[in-house]
Amino acid sequence: MGLMTKDEYIESIRALKPVAYMFGERVTNIVDNPRLRAGIEATGATYELASKPENRDLMVTMSPLINEPVSRFNLPPGSTEDLVARVKVNRMVANYVGTCHQRCTGLDCLSTLAIVTYDIDQKYGTSYNKNFLEFLKHMQKNDLTGNAGVTDVKGDRSLNPHEQVDKDMFLRVVEKRDDGIVVRGAKAHQTGSLSSHEIIVLPTRAMSKEDKDYAVSFAIPSDTPGLIHVVGRSSLDMREIDGADCGNVYYSKYCPTLIFDDVFVPWNRVFCCGESEFASDLVIKFSSFHRQSHGGCKSGKIDCMIGTALTLMDYNGTAKVSHLKQKVIDMIHRAETLYACCLASSYEGKAQPSGAYFIDTVLANASKIHEGKEMAEATRLMIDACGGFVADLPSDRDFANPEVGDLLKKYLKAVDNVPVEKRVKMYRLAEKLALESADTISDIHGGGSPEAHRVTIFRETNINSKKKSAKRLAGITD
Ligand SMILES: Cc1cc2nc3c(=O)[nH]c(=O)nc-3n(C[C@H](O)[C@H](O)[C@H](O)COP(=O)(O)OP(=O)(O)OC[C@H]3O[C@@H](n4cnc5c(N)ncnc54)[C@H](O)[C@@H]3O)c2cc1C
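Our subject in this report is the structure included herewith. The structure presented is a predicted model; accordingly, all values stated were derived computationally and were not measured. (Residues numbered from 1 in each chain as written. Predicted model: local features only at pLDDT ≥ 70, side-chain atom pairs only at ≥ 80, totals over all residues. Heavy atoms only, no water.)

Here the focus is the environment of Ile441. Residue placement: Ile441 occurs in the loop between helix H15 (437-440) and helix H16 (442-445). Among the residues examined, Ile441 registers a relative accessible area of 49% and is labelled partly exposed. (Helix = DSSP H or I, 4+ residues; strand = E, 2+ residues; numbered from the N terminus. Buried < 20%, exposed > 50% of the residue type's maximum accessible area, 1.4 Å probe, protein only.)

Pasting the structure below:
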């Protein structure tokens, strides 16, 4: 099949027939539903940009597996250059769509499985890596999008999976058959699951031997029987449904809860089943890759915020105000330190036994902590520079109303040479960048909650070498 154009991608999603619900009703036409379409458009941008000659070197590369050009979103890193490209691609696409493009999570799963399936096979003589490589060929040859099914609903957070009153609070294997396994459970916050061809499942946390039924990884098409996508609310979702007050923003993010109601998975799509000690490796590697992806993406989103602040300063007559210039500088340094941290985690990456490359986890997690705090600060600075209409701009319908429209256009104009329509469009973008909950809350919880980043940093840092150098400087020998 080869690389898809954006239109081919959209038609390939149309061909899928997933079971989906939104606002209490079954949605059968996913692609033409305006709320879901805005998310599909954001993923579609990865296809659109890859088709442009000027982006091809960055976004398309040769796959050593199938010896054909493939999207970087389907290439587990095999070199430092590949690790660096992950960050650059994410920054470019996020800057283009101003929200989550939803395609990085699939790559983060593929990158993880390229390492860990090999390690499991080395220990147990299983054939998970062969299964994975066949799946990877399918992803690469057909230029597919994968979704990361990682976060279980988790029930009572103080209990392990097997201790839960309802045993289905973490996704588990309920039946093993000759031809495959049957799984039950639910994954929460599934970014772009309906924009994806494949759902790639990994365990959500470390598992003990008692939890071995929960140590499971596999991939299945997003319309597999028994999968139910229930699309979650996001703060601006009715704008897309209404088709009003969206400005010129065509892109969005949605995150369903994904229920696995006794879903059959054939053995050739299983990548881990019961090898409980590898659950932690799967989730740690995924989260580290995903935290690195986030940094590239969110530095691209801050780029959009900077452009929005600067343009509204032009439109409002505040372009020369020095404290606003300082605030823009503060936004730029936040974007660049985030980007630098992710690039550094790539440059410090190392080859793993399978030959795939893994990033530096301490730097990737440091970047995610930085993101969690500094995206909020960048948003605050943008809102400060733009002014209060980020919060409460009247509706386009009021601007079009014959009784009040002209009055609004008169009073909402700022500098003389900028038409009020341009100012309104830019405020709609500022509102979207600041307040689209499905995107902004991922700054904090995407890739794991902030405490998970801190715990990983402490666990992965070489604490003893730091103590040793302090003792040497103090003249202490133990
Ligand atoms: C917008 C968005 C998009 C996302 N996209 C995806 C996706 O595509 N795929 C996917 O798999 N996941 C996705 N996630 C899920 C994300 O990884 C989780 O939200 C995150 O791991 C936190 O889990 P939780 O939401 O269940 O919160 P909780 O785990 O309930 O955490 C809430 C708080 O309680 C603390 N806490 C919870 N349990 C414990 C405990 N036992 N001990 C100590 N502290 C505890 C946490 O540290 C945190 O501070 C997304 C999340 C968001 C918000």
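Okay, back to it.
Surveying the vicinity of the ligand reveals 19 residues, the closest of which are Thr151, Lys154, Arg157, His189 and Thr191. Residue Arg157 places a side-chain N or O atom 2.8 Å away from an oxygen atom belonging to the ligand. Here an oxygen atom of the ligand sits 3.4 Å away from a polar atom, N or O, in the main chain of His445. Taken together, the residues that form the shell around the ligand break down as six nonpolar, nine polar and four charged. (Near = heavy atom within 4 Å. Polar contact = N/O pair within 3.5 Å; in protein donor to acceptor, adjacent residues only side chain to side chain. Nonpolar A, V, L, I, M, F, W, Y, C, P; charged D, E, K, R; others polar.)

Attention now goes to helix H6 (residues 128-142). For H6, which comprises 15 residues, the first-to-last C-alpha distance of 21 Å matches the rise-based estimate of 21 Å (1.5 Å per residue) to within 8%. Along H6, the residues that are buried comprise Tyr128, Asn129, Asn131, Phe132, Phe135, Leu136, Met139 and Gln140. One side of H6 holds all its buried residues, which, seen down the axis, span an arc of 165°. In this structure, the buried residues of H6 make contact with strand E4 (69-71), helix H5 (104-124), strand E5 (146-149), strand E8 (198-201), strand E9 (216-221) and strand E12 (270-273). (Expected span 1.5 Å × (residues − 1). Arc of directions from axis to C-beta. Contact = heavy atoms within 4.5 Å.)

Looking at where Asp245 falls in the secondary structure, it is placed in the loop between helix H7 (237-242) and strand E11 (256-266). A polar side-chain atom of Asp245 sits 3.5 Å from a polar atom in the side chain of Arg428. Leave out the neighbours within four places in its chain, and Asp245 touches Arg239, Ser395, Asp396, Arg397 and Arg428.

The next point concerns the pattern of salt bridges. Evaluated as defined, the whole model comprises 38 salt bridges. Arg72 is the partner of Asp82 in a salt bridge, and the nearest nitrogen-oxygen pair spans 2.9 Å. Linking Asp82 in helix H4 (residues 80-97) with Arg72 in the loop between E4 and H4, this pair joins segments that are ten residues apart in sequence. Of the charged contacts in the structure, one is a salt bridge between Arg334 and Glu374, with a shortest N-O distance of 2.4 Å. Here Arg334, found in helix H9 (residues 322-347), pairs with Glu374, found in helix H10 (residues 361-386); they are 40 residues apart in sequence, far enough to count as distant. You can call Arg334 buried: its relative accessible area is 13%. (Salt bridge = Lys/Arg side-chain N within 4 Å of Asp/Glu carboxyl O.)

Between its first and last C-alpha, H4 extends 26 Å over 18 residues, near the 26 Å set by a 1.5 Å rise per residue. Burial in H4 covers these residues: Asp82, Leu83, Val84, Ala85, Arg86, Val87, Val89, Asn90, Arg91, Val93, Ala94 and Val97. On its buried side, H4 packs onto helix H2 (34-51), helix H3 (53-59), H5, helix H8 (279-316), H9 and strand E14 (357-358). Phi for Gly98, located one or two positions after H4, is positive at around 70°.

Taken together, the side chains of Tyr21, Val230 and Ile259 define a hydrophobic patch exposed on the protein surface, amounting to about 200 Å² of accessible area. Along the chain, Val230 falls in strand E10 (residues 227-231). (Patch = residues over 30% accessible without salt bridge, like charges linked within 9 Å, V, L, I, M, F, W, Y side chains within 5 Å. Areas by Shrake-Rupley, 256 points an atom, 1.4 Å probe, with all protein chains shown as cover.)

Relative to the assigned elements, Thr99 resides in the loop between H4 and H5. Polar side-chain contacts of Thr99 include one of 2.9 Å to the side chain of Glu436. The contact partners of Thr99, leaving out residues within four places of it in the chain, are Ala42, Ala94, Tyr251, Ser252, Lys253, Glu436 and Asp439.

Another aspect to go through is the nonpolar core. Judged by nonpolar contacts, the single largest core of 62 residues is most densely connected at Leu36, Ile181, Val183, Phe218, Ile220 and Phe260. Sort the elements by how many residues they give to this core and H5 lands first, with seven residues. Other than its neighbours up to four places away in sequence, Ile181 contacts Val173, Glu175, Lys176, Val216, Val263, Phe264, Val265, Trp267, Val270 and Cys273. Formed by 31 residues, the second largest nonpolar core is a distinct cluster that contains Ile302, Ala385, Leu412 and Met426. (Core = buried A, V, L, I, M, F, W, Y, C linked by side-chain atoms within 4.5 Å.)

Let us now look at the sheet that holds E5. Sheet architecture is open: four strands sit in the order E5-E8-E9-E12, paired in mixed fashion. Looking at strand neighbours, the two that pair on one side only are E5 and E12, the edges of this open sheet. Along the sheet, successive strands turn relative to each other by an average axial angle of 20°, direction set aside. Where E9 meets E12, three bridges bridge the pair, whose relative direction is antiparallel. The residue of E12 that forms the bridge with Phe218 is Val270. Its contacts with the sheet put H6 on E5, E8, E9 and E12, and the angle it makes with E12 is roughly 145°. (Pairing = 2+ DSSP bridges. Axes fitted to C-alpha atoms, helices over the stretch in contact; angles between N-to-C directions.)

Here we take up the pairing of E8. Burial along E8 is two-sided: the face carrying Glu198 and Ile200 and the face carrying Ile199 and Val201 are both buried. By the bridge criterion, four bridges tie E5 to E8 in an arrangement that is parallel. The partner of Asn147 across the bridge, within E8, is Ile199. Examined bridge by bridge, E8 and E9 share four bridges and lie antiparallel to one another.

A few words on unusual backbone geometry. Despite not being glycine, Phe23 has its phi angle at roughly 50°, a positive value. What makes Phe23 partly exposed here is its relative accessible area of 37%.

Turning to the environment of Glu403, a few remarks are in order. Among the structural elements, Glu403 can be located in the loop between helix H12 (396-400) and helix H13 (405-411). Taking the C-alpha atoms as reference points, Glu403 and Val116, 287 residues apart in sequence, are found 65 Å from one another.

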